[in-house]
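Structural description and commentary
Each chain, letter by letter, is given below.
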Amino acid sequence: MAVKRKKIGSAGRFGPGYGKVKHRLNEIEKKQRKRQSCPFCNGRAKRTANAIWLCNKCGKNFAGGTFYLE
Ligand SMILES: [Zn+2]
């Protein structure tokens, strides 16, 4: 599904248009609730820091999305 997105820099995340941001956060939370899987072994990955993920199975650290893996 194509989603129209405004170009928002990291600083503009909580700027005007808060309603839309809330909507986005809602979507993100939905995705976060889903299990994120490791691209290397398909194991379970956990977010350790912003955009850094750690796989429970193979122990690999990798960069991914800030809030969820694409
Ligand atoms: Zn893995």
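Here the residue numbers are simple positions, counted from 1 along each chain's written sequence. Owing to the predicted nature of the model, reporting of local features is limited to residues with pLDDT of at least 70; listing and counting of side-chain atom pairs is limited to 80 or more, with chain, interface and lining totals taken over all residues. By convention in this description, side-chain values take in all heavy atoms of the structure and omit both hydrogens and water.

Cys-38 (SG), Cys-41 (SG), Cys-55 (SG) and Cys-58 (SG) make up the full set of protein donors to the zinc ion, lying at 2.2 to 2.3 Å. The coordination sphere of the zinc ion comprises 4 donor atoms, whose angles at the metal cover 104 to 115°; the geometry is tetrahedral. All donor residues of the zinc ion come from one chain, and their arrangement in sequence is C-x2-C-x13-C-x2-C. Of this pair, Cys-41 sits in the loop between helix H1 (18–33) and strand S1 (45–49) while Cys-55 sits in strand S2 (residues 52–55), and the two are 14 residues apart along the sequence. Exposure classes here rest on a 1.4 Å probe applied to the protein chains alone. A residue is buried below 20% of its type maximum, exposed above 50%, and partly exposed in between. Under the relative-accessibility criterion, Cys-55 is labelled buried at 3%. Each metal's donors comprise the N, O and S atoms found within 2.8 Å of it (within 3.2 Å for Na, K or Ca). Water is not part of the atom list, so some coordination spheres may appear incomplete. Square planar and octahedral assignments, for four and six donors respectively, both demand that opposite donors be over 155 degrees apart and that all other angles lie between 65 and 115; tetrahedral needs four donors with all angles between 85 and 135 degrees, and anything else is irregular. Think of it this way: any DSSP run of H or I at least four residues long counts as a helix, any run of E at least two long counts as a strand, and we number them from the N terminus.

This part takes up the environment of Arg-47. As for its position among the elements, Arg-47 is in strand S1. With a relative accessible area of 33%, Arg-47 lands in the partly exposed category. Put simply, Arg-47 and Asn-61 are 14 residues apart on the chain and 9.5 Å apart in space, counted from C-alpha to C-alpha.

pLDDT measures the predictor's confidence residue by residue and takes values from 0 up to 100. Counting all residues, the mean pLDDT for the chain is 77, and 66% of those residues have values of 70 or more. The spread of mean pLDDT over the elements of the chain runs between H1, the lowest at 76, and S2, the highest at 88.

Here we take up the packing of aromatic side chains. Side-chain rings of Phe, Tyr and Trp, where Trp is taken by its six-membered ring, are said to pair if the distance between their centres is within 6.5 Å; with planes under 30 degrees apart they count as stacked, over 60 as edge-to-face, and otherwise as tilted. All told, the structure shown has 1 aromatic pair when counted by the stated rule. Centre to centre, the rings of Phe-40 and Phe-62 are 5.7 Å apart; their planes meet at 75°, and the pair counts as edge-to-face. Here Phe-40, found in the loop between H1 and S1, pairs with Phe-62, found in strand S3 (residues 61–63); they are 22 residues apart in sequence, far enough to count as distant. The exposure class of Phe-62 is buried, given its relative accessible area of 9%.

Residues Trp-53 and Cys-55 of S2 are buried on one face, while the alternating residues Ile-52 and Leu-54, pointing to the opposite face, are not. Bridge count for S1 against S2 is 4 bridges, and the pairing is antiparallel. Its bridge partner lying in S2, Arg-47 is registered against Trp-53. Where S1 folds back onto S2 in an antiparallel hairpin, the turn is made up of 2 residues, including Ala-51, whose phi is positive at roughly 65°. Whether two strands pair comes down to DSSP finding at least two bridges between them. Looking at chain direction, S2 and S3 are connected through 3 bridges and run antiparallel. Along S3, the bridge assignment pairs Leu-54 with Asn-61. Connecting the antiparallel pair S2 and S3 is a turn made up of 5 residues, with Gly-59 showing a positive phi of about 75°.

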